[in-house]
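This is what each chain is made of:
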Amino acid sequence: MKISLNWLKNYLDLPLDPEKIGDLLTSLGLEVEGMDKIEAGHNGLARIFVGKVLTCEKHPDADRLSLCTVDIAQDEVLSIVCGAPNVATGQKVLVATAGASVLGKEGEAFTIKSGKIRGAASEGMICAVDELGLGEDHSGILVLDEQAKVGMAAKEHLGLKEDWIYEIGLTPNRSDATNHIGVARDLYAALVVRHGFTGGMHLPNVKDFPTGVNTHPVKVIVENQRACPRYSGVSISGIKVGPSPEWLRQALTAIGERPINNVVDATNYILHEMGQPLHAFDLDQIGGKTIRVKTVPDQTPFLCLDEIERKLDAEDLMICDGDSQPMCIGGVFGGLHSGVTESTTAIFLESAYFDPGYIRRSSTRHNLRTEAAKIFEKGADPEGTVYILERAALLICELTGGQIASPVVDVYPEPVVPVRVDVRVSRVRLLTGIDLELSEIRRVLAALGMPILSESGDTFTVQVPGNKSDVLREIDVIEEILRVIGYDRVPEPGKMFVSVQTSPKPDPARLRDKVAAMLSARGFHEAMSLSLDQSARYEKAAPAMAGTLVKIHNTSNIHLDSLRADLMPNMLENILRNKNRQNHDVRLFEFGKTYSRDGEAFSETNRLIMAITGRREHESWLNSGREQSDLYTLKAEVESVLQFLRIQGWQECASEDQGLEPGLVWARGPKEMVRMGVVSGDWLELMDVDQPVWVADFNWDVILDFIPARDPETTSLSRFPEVRRDLALVVDSSVPYREIEALARKTEKKLLQEINLFDVYTSEEHLGKGKKSCAVSFRFADPERTLTDQEIDAIMNKLIAGYETKLGAVIRR
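Counting starts from 1 at the beginning of each chain's written sequence and moves along it residue by residue. In keeping with the predicted nature of the model, local features appear solely for residues at pLDDT of at least 70, side-chain atom pairs appear and are counted solely at 80 or more, and the whole-chain, interface and lining totals rest on all residues. For side-chain calculations, the full set of non-hydrogen atoms in the structure is used, while hydrogens and water are omitted.

A. Structural context of the state of the cysteines. The disulfide criterion used throughout: a pair of cysteine sulfur atoms within 2.5 Å. Inspection of the entire model under this criterion finds 0 disulfides. For C56, which is in no disulfide, the shortest distance to another cysteine sulfur is to C68 and amounts to 3.9 Å. Exposure is judged per residue with a 1.4 Å probe applied to protein chains only, and the accessible area is read against the type maximum: over 50% gives exposed, under 20% gives buried, and values in between give partly exposed. C56 sits in the partly exposed class, given a relative accessible area of 24%.

Here it is, written out as structure tokens:
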């Protein structure tokens, strides 16, 4: 959220410099994440002055250029070549001198230099509005009033002020601080309590709001009072829609809002000033001059302001006309045909209080995260609708030349009862650690606008204003008190207690960090995803898993309605995001938890997922980069993880996992360690990924069980030579290499150091149908002596006999 210091000064005489104000905001719980100094106009309008055009003649060599002499009250009169059609003798203008920075047609900055244009000397530039960064008008130069003083700096003449913008990380509970006046109230309370400030707040005055006029009455009928407890509105006629004045444009631009027109800008200004979303309807578009606040039948089509037709839900609160035609999704988004246009001459201005739950559900259901919806979700002030409506209406009349055309309509059948909280002084002292007197507590709460209604012994009752929707309990009031008096007043304890903690061995956290570092070194990037998922995905791509999902009631985003049962969907989302940004070769990993339920039993499992897609290697002068990643690419990475963790002795078998085709499982005994394979077509189609993705999913809890407890031991390099022998085995195509390796290690456990498959050959002509030749190397060594040929031959004969009898192998000689 952006807060302007100049806006704050409209409501409060701040005695502190901008940096100290930032520190004060942070100490109040409004954390300032950044501060930016901005100057109105491009580059603060440096080296730009008020000038007077003394002469203006046509350029002899260019029909659209004029030769001007301009006095800027400096040593010499400037000669300037000007291309504006409206330049004339006697005008007061703004002149950019040599060295000034101005903006071009495309918004690019450039520096003014003295030179020649079509042979004529030009020592500056007479500026238009857009060239100064003050607007978008480029129809001609900016002509000033006759009273403008020649030689005065442009910034001084225009009355432009520098501003400081605070970027505040607003927490979701602070419904009272979504606007400038709310922030100013917090500052006021802190200044009164901590700095002895004796000034007051300067709030907008609506005492001149006219009454008794009823030329354009509008009837309001609230059919759903639960969703809309209060609805206020007023008609304004005789308006002229047009550009906003410079002060309003500057105020909105400073906080990142784009000026649109004087009516829309006024409602946006009030939104950021007072925290109340407003909506202006074109009065001529309201059928029957009646507003109906109601829900409409499910799947009713509605054309929104962004020209997208949305199907409404039966729970969406709609602002309709007298014929029940929807005009606006209440508190969320307007309709295309009911809003303010350039031809609008009368409006009906809405200021309402909507139920936060209704607004949140509609906003997330249609993915319309508007500023209005965000404020209503936090909880607006039900008591402020009429005051803010009158403030906004007066501002619109001032900006558009309009008049109030009806009495204020205020439908409020069941007023919201203000929250009252009983607070114990002893409890305040206990939880804050500060020996506060009741008089100081009373002073703090008064500064916050929270009056004490009654006192009885150790207890007092405080009334909470409607804009503080998060203050409901005694502890909440104590937090408000502590925020204002300052956390730095909490005394430090005289003693510090330290407990000795031991980490399990192996330490899961350290092990996770080591594996993450190892995978990063092998070209993977770590992903971090939400633990929430969409149940609809599993219902479409993995129906068997849908029944085990842990469903949640997520009002912030109704689509994310379950805890994730698998890390793979989030990984596919990340791959799609990379692919959409032209990164087709992706290697990702993520540590996280998955969740499931079996009846009333819930479980969560720590997992590690690895995903590979695209090319095996990047293109370079060493390789073409055309080979695509496959199952063996993934298996090599999985083996590297298990070897890094010193896990051995796993068995491989096929998996019937719904998400992987084909699926492989590596397990030790009955415990599955990792499953891997290519993601199924159903999942790829659902997630809109159009290239193969290879995934390995580790059960990290099982992996931790199989990691050796002892630290790895180092041994010195052997002084004795290794011996290598090779065999070519012809076996059935169905015999996997792992059986060849397992039999070798079972036959010779002491001297066999390494076994490696270095070639596979198939040929029906030479080997026969259903046969393959596996070329395998064996490395033997003894750390204490040199092996003899007789010993090696004896081992090889055992291996050959075993392969022939147990695997039916034929030795190629």
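B. Looking closely at the environment of H138. If you trace the backbone, H138 turns up in the loop between β11 (124-126) and β12 (143-144). Expressed as a C-alpha distance, the spacing of H138 and F644, which sit 506 residues apart in the sequence, is 67 Å. The contacts of H138, once residues within four sequence positions are left out, are K105, A128, D130 and E131. Throughout this description, a polar contact denotes any pair of N or O atoms lying within 3.5 Å of each other; where both atoms belong to protein, one of them has to be capable of donating a hydrogen while the other can accept it, and for residues adjacent in sequence the pair is counted only when both atoms sit in side chains. A distance of 2.9 Å separates the side chain of H138 from the side chain of D130, its partner in a polar contact. The helix and strand labels rest on DSSP assignments: H or I over at least four residues marks a helix, E over at least two residues marks a strand, and numbering proceeds from the N terminus. When checking whether two residues touch, look at their non-hydrogen atoms; a contact exists if any pair is within 4.5 Å.

C. Representation of the side chain of T300. Among the structural elements, T300 can be located in the loop between β17 (290-295) and β18 (301-303). In terms of polar contacts, T300 uses its side chain to reach the backbone carbonyl oxygen of P297, at 2.6 Å. Those residues in contact with T300 that lie beyond four places of it in its chain are R310, K311 and L312.

D. Representation of the sheet that holds strand β2 (residues 32-39) within the structure. One bridge is not enough; two strands pair if DSSP finds at least two bridges between them. The 3 strands lie next to each other as β1-β13-β2, forming an open sheet whose pairing is antiparallel. Looking at strand neighbours, the two that pair on one side only are β1 (2-4) and β2, the edges of this open sheet. Across the sheet, the mean angle from the axis of one strand to that of its neighbour is 25°, orientation sign disregarded. In terms of strand pairing, β1 meets strand β13 (residues 162-168) through 3 bridges, oriented antiparallel. Paired with I3 across the bridge in β13 is Y166. Between N-to-C directions, angles cover 0 to 180 degrees, with each direction set by a line fitted to C-alpha atoms, over the stretch in contact for helices. Against the sheet, helix α2 (residues 18-27) contacts β2 and β13, and its axis sits at roughly 20° relative to β13.

E. How the structure looks around the side chain of D163. Here D163 lies in strand β13. Buried within the structure, D163 lacks any salt-bridge partner; its nearest side chain of opposite charge belongs to K9, at an N-O separation of 7.0 Å. Reaching out from D163, the side chain makes a polar contact with the backbone nitrogen of N6 at a distance of 3.0 Å. If sequence neighbours within four positions are ignored, D163 has contacts with S4, L5, N6, D36, K37, I38 and A254. His is not counted, nor are the chain ends, whereas Lys and Arg count as positive and Asp and Glu as negative. By definition, a salt bridge exists where a carboxyl oxygen of Asp or Glu is found within 4 Å of a side-chain nitrogen of Lys or Arg.

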